[in-house]
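These are the residues of each chain, in order.
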Amino acid sequence: MFLQLVAAVFLFFVFRGLAKRAAGGQVVTGRWWNFWESIVLYMRDEVVRPTIGEGHHHDGHEHHQEQKVGHPADKYLPFVLSCFFYVLICNLLGALPWLGSATGELNVTIALAFTTFCAVILYGSREQGAIRFWLSLAPTMELPFFLKIILVPMIWVIELAGFLIKHAVLAIRLFANIMAGHTVIAVFLGFIAMYADSGMWAIIMPSSVLAQVLVGLLELFVAFLQAYVFAFLATLFIGAAVNPH
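Everything in this summary refers to the structure shown in the same document. (Residues numbered from 1 in each chain as written. Predicted model: local features only at pLDDT ≥ 70, side-chain atom pairs only at ≥ 80, totals over all residues. Heavy atoms only, no water.)

**Digging into a nonpolar patch on the surface**
On the surface, a cluster of nonpolar side chains totalling about 510 Å² of accessible area is made up of Val209, Leu210, Val213, Leu214, Leu217 and Leu220. Along the chain, Leu210 turns up in helix α8 (residues 201-242). For Leu210, a relative accessible area of 52% puts it in the exposed group. (Patch = residues over 30% accessible without salt bridge, like charges linked within 9 Å, V, L, I, M, F, W, Y side chains within 5 Å. Areas by Shrake-Rupley, 256 points an atom, 1.4 Å probe, with all protein chains shown as cover. Salt bridge = Lys/Arg side-chain N within 4 Å of Asp/Glu carboxyl O. Helix = DSSP H or I, 4+ residues; strand = E, 2+ residues; numbered from the N terminus. Buried < 20%, exposed > 50% of the residue type's maximum accessible area, 1.4 Å probe, protein only.)

Printed below as a string of structure tokens:
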């Protein structure tokens, strides 16, 4: 819980500062602020906008008007960015001595996945209507009436199960990847204590430290990768909910 609070407070101050510098269309200057801005723009231009698309509920005039103020998918950007940066900072805290990754705890990743699950339902229901959103889980099929009343409910139940499972997997994937890295590092460092009274200690100790450093570097990559995967899948789920066809 403490590490999650650290991540939340850190991100609050970072993006409060970035928002002030970008207010009114100002050009953001400074390497620190450009670093964060570049990630935001990448997530917006390469993940959220292409994945969610422009929707299909706008005529030409309305679409032209919306382009003046931003892309239609930008209204989902705050949630996706919150997922990405929160998971990223929680992951990276595990690289600091005496700290750990909050995302290496299953309860945390379940809460994150549940938040995404609720957001997908909210956005989908807001775009399509609550009843239509749930009905859209089953694809439209041109079938004879008697065949349709048998197959459509079966397919709907299968799609509902898939809808629930893919959000559960979202939690397990993040937890497993972060937890696995910490476990491997602990095993390598455990070899040092295991062979402390052995003649092999002089070989095991530097080998274990080197292995720990290499795995630690891999964990830094995994920290960014898993944050990106979580945010990308959240975007994919939102896109499927608001654009069922």
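**Considerations on the pattern of salt bridges**
Scanning the model with the defined rule gives 4 salt bridges in all. Put simply, Arg49 and Asp45 hold a salt bridge, and the shortest N to O gap is 3.7 Å. With Arg49 and Asp45 both in helix α2 (residues 31-52), this residue pair falls 4 residues apart, about one helical turn. Using a relative accessible area of 22% as the deciding quantity, one classes Arg49 as partly exposed. With a shortest N-O distance of 2.7 Å, Asp74 and Arg49 are connected by a salt bridge. Pair noted here: Asp74 is in the loop between α3 (60-69) and α4 (77-92) and Arg49 is in helix α2, with a separation of 25 residues, a long-range link. Salt bridges linked by common partners bring Arg44, Asp45, Arg49 and Asp74 together as one network.

**Remarks on the nonpolar core**
Met43, Phe84, Phe85 and Ile238 are the most contacted members of the largest nonpolar core, which totals 54 residues. Sorting the residues of this core by element identifies α1 (2-22), α2, α4, α5 (106-128), α7 (145-194) and α8 as the ones contributing at least two each. Looking at this core element by element, the count peaks at 12 residues for α4. (Core = buried A, V, L, I, M, F, W, Y, C linked by side-chain atoms within 4.5 Å.)

**Some points on the packing of aromatic side chains**
Tallied over the entire structure, the rule returns 18 aromatic pairs. Judged by centre distance (6.5 Å) and plane angle (80 degrees), the ring pair of Phe10 and Trp32 falls under edge-to-face. One end of the pair, Phe10, is in helix α1; the other, Trp32, is in helix α2, with 22 residues separating them in the sequence. When its relative accessible area of 44% is taken as the criterion, Trp32 is described as partly exposed. (Phe/Tyr/Trp six-rings, centres within 6.5 Å; stacked < 30°, edge-to-face > 60°.)

**Regarding the layout of surface pockets**
In this model, the largest pocket occupies a volume close to 520 Å³. Around the largest pocket, the lining comprises 25 residues; the ones closest to its centre are Leu135, Ser136, Leu137, Ala138 and Pro139. For the lining of the largest pocket, the elements supplying multiple residues, two or more each, are α5, α6 (130-135), α7 and α8. Top contributing element to the lining of the largest pocket by residue count: α7, with 7 residues. Of the residues contributing to the lining of the largest pocket, the split by class is 14 nonpolar, 6 polar and 5 charged. Roughly 380 Å³ of internal volume is contained in the second largest pocket. Looking at the second largest pocket, it is lined by 19 residues, and the ones nearest its centre are Gly94, His182, Ile185, Gly216 and Glu219. (1 Å grid on protein atoms, 1.4 Å probe; cavity = no way out; pocket = protein on both sides within 12 Å on 5 of 7 lines; lining within 4 Å. Points joined across faces, edges and corners; volume = space filled by probe spheres on them. Nonpolar A, V, L, I, M, F, W, Y, C, P; charged D, E, K, R; others polar.)

Taken by themselves, the reported measurements are silent on function.
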